[in-house]
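# An overview of the molecular structure
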Amino acid sequence: MTILNILRYPDARLHKTAAPVTVFDDQLKKLARDLAETMYAAPGVGLAATQVDVHKQVIVLDVSERRDALVTLVNPEIVESSGASDIEEGCLSVPGIYEMVPRAERVRVRAHDANGNAFTLEAQGLLAVCIQHEMDHLQGKVFVEYLSQLKQTRIRARLAKQLRKSA
Ligand code: GNR
Ligand code: NI
């Protein structure tokens, strides 16, 4: 198992579009395991392959308190969504920044697991928000891009300052 390096915003590689997975092989299973290990170590409640510079449609999530409810979504598609969520979001690629962004409260997702088995998942609350957040990463979108230009500029300045301080 390997803990992977998480890209930090702003980084052009966070804006790449992930390709659908076509082969469900051992390499994919290793990627899913490494993503989970990286998510738990961070710690975070979700992680998209894009964040570790792998541009395939693979996401891991675990919003449980006991950290024992891992969900792996390969080639996820939202087939239904409803309501409006009011959860403040954070992102491992944008450390220390928390903001509200518009999201559905409930989603129904069709996906495959790492073995290639198709399934449907109904999610609400934090899990639903995380799924939408991770699926945005696969499309090259980071949550701060929903915010005003003024907020984005301030966030970039804060992150640059954080980096200077930690250097
Ligand atoms: O750890 C994370 N927490 C979180 C909180 C609210 C909404 C979304 C998230 S996802 C984030 C991990 C991450 O960056 N995933 O891409
Ligand atoms: Ni994120």
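Being a predicted model, the structure only gives us computed values, none of them experimental.

Rules used throughout
The residue numbers shown here count from 1 along each chain, following its written sequence. Written order decides the labels, with chains lettered from A and ligands numbered from 1. For a predicted model such as this one, the threshold for reporting local features is a pLDDT of at least 70, and the threshold for listing and counting side-chain atom pairs is 80 or more; totals across whole chains, interfaces and linings nevertheless cover every residue. Each side-chain value is worked out from all heavy atoms of the structure, with water and hydrogens disregarded. Strands pair, by our definition, only if DSSP identifies at least two bridges between them. Counting from the N terminus, the helices are DSSP H or I runs at least four residues long and the strands are E runs at least two residues long. The aromatic pairing rule takes the rings of Phe, Tyr and Trp, using the six-membered ring of Trp, and pairs them if the centres are within 6.5 Å, calling planes under 30 degrees apart stacked, those over 60 edge-to-face and the rest tilted. Comment: the charge-over-ring label is applied if NZ (Lys) or CZ (Arg) is within 6 Å of the ring centre and within 35 degrees of the ring normal. Axis lines are fitted through C-alpha atoms, for helices just across the contact stretch, and the angle between N-to-C directions can take any value from 0 to 180 degrees. In this description, contact between two residues means that some pair of their heavy atoms is separated by no more than 4.5 Å.

This part covers the pairing of strand β7 (residues 118–124). Two elements, strand β6 (residues 106–112) and β7, share seven bridges in a ladder whose sense is antiparallel. Residue pairing for β7: R106 is matched across the bridge by Q124. Joining the antiparallel neighbours β6 and β7 is a turn of five residues, in which G116 adopts a positive phi near 95°.

This next bit is on the packing of aromatic side chains. For the structure shown, the criterion picks out zero aromatic pairs. The ring of Y146 carries the charged tip of K141 above its face, separated from the ring centre by 3.9 Å.

A separate point is the sheet that holds β6. Strand order in the open sheet formed by five strands is β1-β2-β3-β6-β7, and the pairing between neighbours is antiparallel. Pairing within the sheet leaves two strands with one partner each, and these edge strands are β1 (46–48) and β7. Between one strand axis and the next, the sheet turns by 40° as a mean value, whatever way the strands run. Sheet topology note: the strand β3 (residues 71–82)/β6 ladder contains six bridges and is antiparallel. Bridged to S81 within β6 is V107. Sitting on the sheet, helix α1 (residues 26–41) is in contact with β1, β2 (58–61) and β3, with an inclination near 40° to β2.

Turning next to the environment of A118. When you line up the elements, A118 lands in strand β7. When neighbours within four sequence positions are excluded, A118 is seen to be in contact with R110, A111 and H112.

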